[in-house]
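# Tertiary structure, described
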Protein chains: 2
Amino acid sequence: MTFHGRSLLGFSHASADGSSFEALNPATGDALPGTFYTASAADVDRAASLAAEASADFTSTSAAVRAAFLREVADELEASRPQIAARMPLETALPEGRANGELGRTIGQLRMFAALVEEGSWVDARLEPAQPDRAPVPKPDLRYMRISLGPVAVFGASNFPLAFSVAGGDTASAFAAGCPVVAISHYAHPGTGEIVGSAIQRAVKTVGLPEGTFSLLQGTGPDVGIPLVEHPAIKAVGFTGSRSGGLAIAERAAARKEPIPVFAEMSSINPIVVRPNALANRSEAMAMGLAGSVSLGVGQFCTNPGLVLLPAGNNAETFIGAFSRAMDESRGGTALHAGIAHAYESATQERAQHASVETLASTANNPGANRVNPWIFRTSVASLLADDSLTSEAFGPSTTIVTYADDDELLRVIKSLEGQLTMTVQADDADHPLDARIVAALQNRCGRLIMNGFPTGVEVCSAMVHGGPFPSTTDARSTSVGTGAIERFSRPFCFQDLPAAMLPDALKDGNPLGIWRLINGVRTRD
Amino acid sequence: MTFHGRSLLGFSHASADGSSFEALNPATGDALPGTFYTASAADVDRAASLAAEASADFTSTSAAVRAAFLREVADELEASRPQIAARMPLETALPEGRANGELGRTIGQLRMFAALVEEGSWVDARLEPAQPDRAPVPKPDLRYMRISLGPVAVFGASNFPLAFSVAGGDTASAFAAGCPVVAISHYAHPGTGEIVGSAIQRAVKTVGLPEGTFSLLQGTGPDVGIPLVEHPAIKAVGFTGSRSGGLAIAERAAARKEPIPVFAEMSSINPIVVRPNALANRSEAMAMGLAGSVSLGVGQFCTNPGLVLLPAGNNAETFIGAFSRAMDESRGGTALHAGIAHAYESATQERAQHASVETLASTANNPGANRVNPWIFRTSVASLLADDSLTSEAFGPSTTIVTYADDDELLRVIKSLEGQLTMTVQADDADHPLDARIVAALQNRCGRLIMNGFPTGVEVCSAMVHGGPFPSTTDARSTSVGTGAIERFSRPFCFQDLPAAMLPDALKDGNPLGIWRLINGVRTRD
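Not measured: the values here are computed from a predicted model.

## Some details on the overall build of chain A
Regarding its fold elements, chain A presents 15 helices and 23 strands. Taking 2.2 N^0.38 as the reference for a compact globule, 526 residues should give roughly 24 Å; the C-alpha atoms of chain A span a radius of gyration of 25 Å, in line with that estimate. C-alpha extents for chain A along the principal axes are approximately 75 × 65 × 40 Å. A burial count over chain A gives 59% of its 526 residues as buried. Expressed as a percentage of contacts within chain A between residues at least 6 apart in sequence, the contacts between residues at least 24 apart total 75%.

## Some words on the sheet that holds strand S22 (residues 517-519) of chain A
Reading across from one edge, S23(A)-S22(A)-S5(A)-S6(A)-S21(A)-S20(B)-S19(B)-S12(B)-S13(B)-S18(B)-S17(B)-S15(B) is the order of the 12 strands in this open sheet, with mixed pairing throughout. Edge strands, defined here as strands with exactly one partner in the open sheet, are strand S23 (522-524) of chain A together with strand S15 (358-362) of chain B. Across the sheet, the mean angle from the axis of one strand to that of its neighbour is 20 degrees, orientation sign disregarded. Note that S22 of chain A and S23 of chain A share 3 bridges and pair antiparallel.

## Brief notes about helix H8 (residues 243-255) of chain A
All names here are of chain A. Its 13 residues place the ends of H8 18 Å apart at the C-alpha level, agreeing with the 18 Å of an ideal helix rising 1.5 Å per residue. Among all positions in H8, only Gly-246, Ile-249, Ala-250, Arg-252 and Ala-253 are buried. Within H8, the buried residues cover an arc of 165 degrees as seen down the axis, which keeps them to one side. More than 90 degrees from the buried face of H8, the exposed residues found are Ser-244 and Ala-255. Check the buried side of H8 and you find it contacts helix H7 (222-230), strand S10 (236-240) and strand S11 (262-265).

## Quick notes on the relation of the copies chain B and chain A
Copy one and copy two of the chain differ by a rotation about a common axis and a shift along it. Its rotation angle being 180 degrees, the transformation that places chain B on chain A also includes 0.0 Å of axial translation and leaves an RMSD of 0.0 Å. Taken together, the rotation angle and the small translation identify this as a two-fold axis. Every residue of chain B has its C-alpha some distance from the rotation axis, and the shortest such distance is that of Ala-254 of chain B, at 4.3 Å. Residue by residue, 100% of the interface of chain B is reproduced at the interface of chain A, so both copies engage with the same surface.

## Points about the packing of helix H3 (residues 81-92) of chain B against helix H4 (residues 96-119) of chain B
All names here are of chain B. At their nearest, the axes of H3 and H4 sit 8 Å apart, and the two run at 130 degrees to each other. Here H3 lies oblique to H4, going by the angle between them. Of the two possible hands of crossing, H3 and H4 adopt the one that is right-handed. Taking contact as the criterion, the partners of Arg-81, Ile-84, Ala-85, Met-88 and Pro-89 in H3 are, on H4, Glu-96, Ala-99, Asn-100 and Leu-103.

## Regarding the nonpolar core
By size, the foremost hydrophobic cluster in this structure holds 326 residues, and its most contacted members are Leu-70 and Val-237 of chain A together with Leu-70 of chain B. Each residue touching Leu-70 of chain A, except ones within four places of it in the same chain, is listed here: Leu-110, Phe-113, Ala-114, Val-117, Ala-172, Phe-175 and Ala-176 of chain A.

## Considerations on the interface of chain B and chain A
Residue-level contacts link 54 residues of chain B with 54 residues of chain A. Among the elements of the structure, strand S5 (126-128), strand S6 (142-148), helix H15 (436-444), strand S20 (446-451) and strand S21 (490-496) of chain B are those that each provide at least two residues to the side of chain B that touches chain A. Residues belonging to the side of chain B that touches chain A are distributed by class as follows: 28 nonpolar, 15 polar and 11 charged. Pairing analysis gives 3 bridges linking strand S21 (residues 490-496) of chain A to S20 of chain B, with the strands arranged parallel. The partner of Cys-494 of chain A across the bridge, within S20 of chain B, is Arg-448 of chain B.

## Side note on the packing of helix H10 (residues 283-295) of chain B against helix H11 (residues 314-330) of chain B
Residues and elements named next belong to chain B. Packing of H10 against H11 brings their axes to within 8 Å, and their N-to-C directions diverge by 40 degrees. Here H10 lies oblique to H11, going by the angle between them. Considering the relative orientation of H10 and H11, their crossing is right-handed. Along its contact with H10, which presents Ser-283, Glu-284, Met-286, Ala-287, Met-288, Leu-290, Ala-291, Val-294 and Ser-295, the element H11 presents Asn-315, Thr-318, Phe-319, Ala-322, Phe-323, Ala-326, Met-327 and Ser-330. Considered class by class, the residues forming the contact of H10 with H11 number 11 nonpolar, 5 polar and 1 charged.

## Considering the sheet that holds strand S13 (residues 307-311) of chain A
Strand pairing in a sheet relies on backbone hydrogen bonds. The paired strands run either parallel or antiparallel. A sheet is described by the order of its strands in space; here 12 strands give the open sequence S15(A)-S17(A)-S18(A)-S13(A)-S12(A)-S19(A)-S20(A)-S21(B)-S6(B)-S5(B)-S22(B)-S23(B), paired in mixed fashion. Because the sheet does not close on itself, it has two edges, and the strands there are strand S15 (358-362) of chain A together with strand S23 (522-524) of chain B. Sheet twist, expressed as the average angle between the axes of neighbouring strands with direction ignored, equals 20 degrees. The pairing of strand S19 (residues 420-426) of chain A with strand S20 (residues 446-451) of chain A spans 5 bridges and is classified as parallel. By the bridge assignment, Thr-424 of chain A is partnered in S20 of chain A with Ile-450 of chain A.

## Considerations on the confidence of the model for chain A
Taken over all residues, the pLDDT of chain A has a mean of 96, while the share at 70 or more is 99%. At the level of chain-chain contacts, confidence expressed as ipTM amounts to 0.97, with global pTM at 0.97.

## Examining the domain arrangement of chain A
Residue and element names in this part refer to chain A. Once the domains are mapped, chain A shows domain 1 (8-22 + 31-266 + 478-488), domain 2 (272-451) and domain 3 (498-524). A C-alpha centroid distance of 28 Å is found between domain 1 and domain 3. Listed by contribution, the elements that provide at least two residues to the side of domain 1 that touches domain 3 are strand S5 (126-128) and strand S6 (142-148). A per-element tally of the side of domain 1 that touches domain 3 places S5 first, with 3 residues.

## Here we look at the pairing of S20 of chain B
Burial runs high along S20 of chain B: 5 of the 6 residues are buried. Handedness of the β-α-β unit built from strand S19 (residues 420-426) of chain B, H15 of chain B and S20 of chain B comes out right-handed.

## Considerations on helix H12 (residues 338-352) of chain A
Residues and elements named next belong to chain A. Between its terminal C-alpha atoms H12 stretches 21 Å, which fits the 21 Å expected from 15 residues at 1.5 Å a residue. Among the residues of H12, Ile-340, Ala-341, Tyr-344 and Thr-348 are the ones counted as buried. Along H12, the residues classed as buried sweep out an arc of 100 degrees about the axis, all on the same side. Buried residues in H12 make contact with strand S16 (371-372), strand S17 (375-379) and strand S18 (398-404).

## Digging into the pairing of strand S17 (residues 375-379) of chain B
All names here are of chain B. The element S17 is extensively covered by neighbouring structure, given that 5 of its 5 residues are classed as buried. On S17, burial covers both faces: Trp-375, Phe-377 and Thr-379 on one face and Ile-376 and Arg-378 on the other are all buried. Relative to S17, S15 is paired through 4 bridges, and the arrangement is antiparallel. Residue Ser-362 lies in a different strand from S17, and its bridge partner there is Trp-375. Pairing analysis gives 5 bridges linking S17 to strand S18 (residues 398-404), with the strands arranged parallel. Within the sheet, the bridge partner assigned to Trp-375 lies in S18 and is Ser-398. This β-α-β element, S17 to helix H13 (residues 381-386) to S18, shows right-handed connectivity.

## Here's the deal with unusual backbone geometry
Residues and elements named next belong to chain A. The omega torsion across Ala-135 and Pro-136 is 0 degrees, close enough to zero to call that bond cis. Summarising the element assignment, Pro-136 is placed in the loop between S5 and S6. With an omega dihedral of -5 degrees, the bond running from His-432 to Pro-433 counts as a cis peptide bond. Its location among the elements puts Pro-433 in the loop between S19 and helix H15 (436-444). At Asn-511, a position not held by glycine, the phi torsion is positive, near 50 degrees. As for its placement among the helices and strands, Asn-511 is situated in the loop between S21 and S22.

## Some details on the environment of Thr-391 of chain B
Within the secondary structure layout, Thr-391 of chain B lies in the loop between H13 and S18. Along the chain, Thr-391 of chain B and Val-481 of chain B lie 90 residues apart, while their C-alpha atoms are 25 Å from each other.

How each quantity is defined
Residues numbered from 1 in each chain as written. Chains lettered and ligands numbered in written order. Predicted model: local features only at pLDDT ≥ 70, side-chain atom pairs only at ≥ 80, totals over all residues. Helix = DSSP H or I, 4+ residues; strand = E, 2+ residues; numbered from the N terminus. Rg over C-alpha atoms; globule rule 2.2 N^0.38 Å. Buried ≥ 20, exposed ≤ 12 C-beta atoms within 10 Å, placed from the backbone. Contact = placed C-beta atoms within 7 Å. Pairing = 2+ DSSP bridges. Axes fitted to C-alpha atoms, helices over the stretch in contact; angles between N-to-C directions. Expected span 1.5 Å × (residues − 1). Arc of directions from axis to C-beta. Least-squares fit on C-alpha atoms with pLDDT ≥ 70 in both. Parallel < 35°, antiparallel > 145°, perpendicular 65-115°, else oblique. Left-handed = near helix turned anticlockwise from the far one by under 90°. Core = buried A, V, L, I, M, F, W, Y, C linked by C-beta atoms within 7 Å. Nonpolar A, V, L, I, M, F, W, Y, C, P; charged D, E, K, R; others polar. pLDDT = per-residue confidence, 0-100. Domains from an automatic or database assignment. Right-handed = clockwise from strand over helix to strand, strands pointing away.

Structure (structure tokens):
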């Protein structure tokens, strides 16, 4: 497997005259084959300008063409499976099984959006025909549908090198909405990015779409990302990563002459609230389940549970013992890259040294390049309420346990928390009905409320919400997983008194696409 | 008619110990009856805190209760019609007919949202039932619906003292979404605000809703608005007004510890593109129509056309002559308040003195307190492209005319424009088909594309979009008019494996509300 290492600017390769870098094997720290070249300012401009040129043509493609394109990308990725399964584990320290599984999910997402676009009702078409005789003033003919926002910048995530990266959910939903994409491959897995980006590039050619439909930028740090976000051709941004990274992007996007929306998925500790009967009845199973969720993927999931709230008492102590043992045995693993390993080391060391924090389990004696080890902490409600830093995310296999004396104390903790992707409740029949104030407070602080499960494992479907109040995302009114993700990259548009010949098919009389529409506010397929 | 002049904090009145102000009759500059008191920092905190307390209960009201509340507000406003029709013209210099018409629209909006909530499908319910036997992992039960964002701050607009103010579209759509509202009455019409706010307050009591469902703050300047936007209990903002005001609010909202969305409708010049055959065939009628649109409501509409693009030639000169005469005869009128009069005077003087601008018509000899007079300017494409200030909004009965040599020049102008609420094309049959590049560019820069009409007159219905790219709004993905406005104040939420008893009715098996839902991606009412 060889890599040219250059950014893909439409159908061309960028020149190789910028600074270069290599991918490092996180398990060894050694450089992997291939030299990659950071996109220059001219490359960024070229990619964004090509996207702007392609935008009108790509947006006006039919649903059939756009679905065919999404499926072609899926097929190209399937054809690249051997290369991806070989390279991705080297760049990420994730096992080959994960690479294959995540590729399946990525392909599934693309096909899901193909089906969504093909069915067509996602445009939310609304017709209010003219009433020329209405008094005192005639009613014009008004037709509404969602249209694309324009070119989208997608930042590949390090922790989902496929499903939230170059051809991940942001890219798939942007394409589905009719938006050209300029993707930035995460610097930690540029080889995987090149394989995936080349697959998309081939699909653009095969389906005969405009060149600027897709570009891939390679590079390290903000040198590539910030100029892209600031480029006038870019109309929205999708990002999955750190809080500091997401906030930097949001700040630049807001400071543009024309501010643009940023959909950044950033930081979440996904609290788990355990109720007394659940704790009494299935302490051991819950401890094992929690340990599995905390250590899954070496803890490098956005939905990793970083805070567990237990009712005080003997059962809590039993649970904590079982959980600590399970975590001690989980042994940690290798971080995706040195940046994550260092940040985790620093965050866990800080917590371990905090005056009001007790360390319950750690396996700090487990050495290796970029090795991250499980850390389990315990603190009090009073300390948690007094110090925000105890509820900040330590990205990796770590969690903090707190016992609450009663429901008022639990409520105070929940209300003090920042916005989360998920909240989970562990409750048995005898724990119901739950205090309505607690349920309302949980719902108020998250995007997904889970009963008797664990937050890791995000189903890709029409009913998923992977989003939530700040800082879990920059925009609680969005999801980055599931069909709802398409709404981020579209906006409502109204045609008033347009001649029939100029109307998009979705809005034509007679409903040639056979989609669900609102006509005078009534839903129909006629 | 007497006024207590104090803010309404839930069911109480604020104290009258803050700074006081009076409403001024813009036509005379004289103070109107009533002393009004600027809400103190404590009043702002009290209103926002009451809203936070009410939020969970108000959100969980049934559709029937929320619809009854919206209709009760409408009925209370109808009962207040005599007082509104008497006071509003004094505070705004708008005629009584406008007050009655706008009240009708405001009541209509409330009833439209009542019907929307009652029908219930707006929550976009999506069910993906569990598949416990799925391999390799079971699929959980996932149920999705839109829920309220929480308390909303609404800034009343000066130019729609009813329809975009205390009980206007922002408030109606926020209530419909289940959000408590803290409204700020515009300082120019505090008496109208008190009448309307009291009507809402009575409706809250009649329907038996929690006290904090609604509060009204009185005050001048940013003393009230900025602390409200910064209050942690507030979760979204609706604003209609100036660009500087909207941007100041957006900046403060983004700088909060928990940033919140701002839906500000700010600045738009609503360009009109005239095609050659339309100009040749109906020059006179178009000139009269345009004059009517520019001078409607003394030019104080967000959709006022401030830029007219004509194909160069003799027909353009004929049109300009007819339009200038019509505008000369329109005589202007009294501005809503001194701030608008001064801003308009300053903007038109600046443009009149611009080296590359010609003044075609003005009636500067038409004196009176806060009198604004029509101004028609003409400049060249080259000047327009060279100087952004020529396409900035001069809020009032003013427009600027530019002639374009050919379609390439027209395209350059359209592409150079900032985002607009509307774009209009005047085209006869022989002008079709329109250049696809021009249509794409127009669509790219606005929220509503109008053919052979004028942008003023915004229909309130399911298919309207009153929104558009920056700076026409802060969020192109929203509309502030029509049923789509409810989406601004809601967010998607997912319940995973929730016991049936805890599910909202919208998501229960058997569909007790009879709403349209997606089940495994298929739309059904079953």
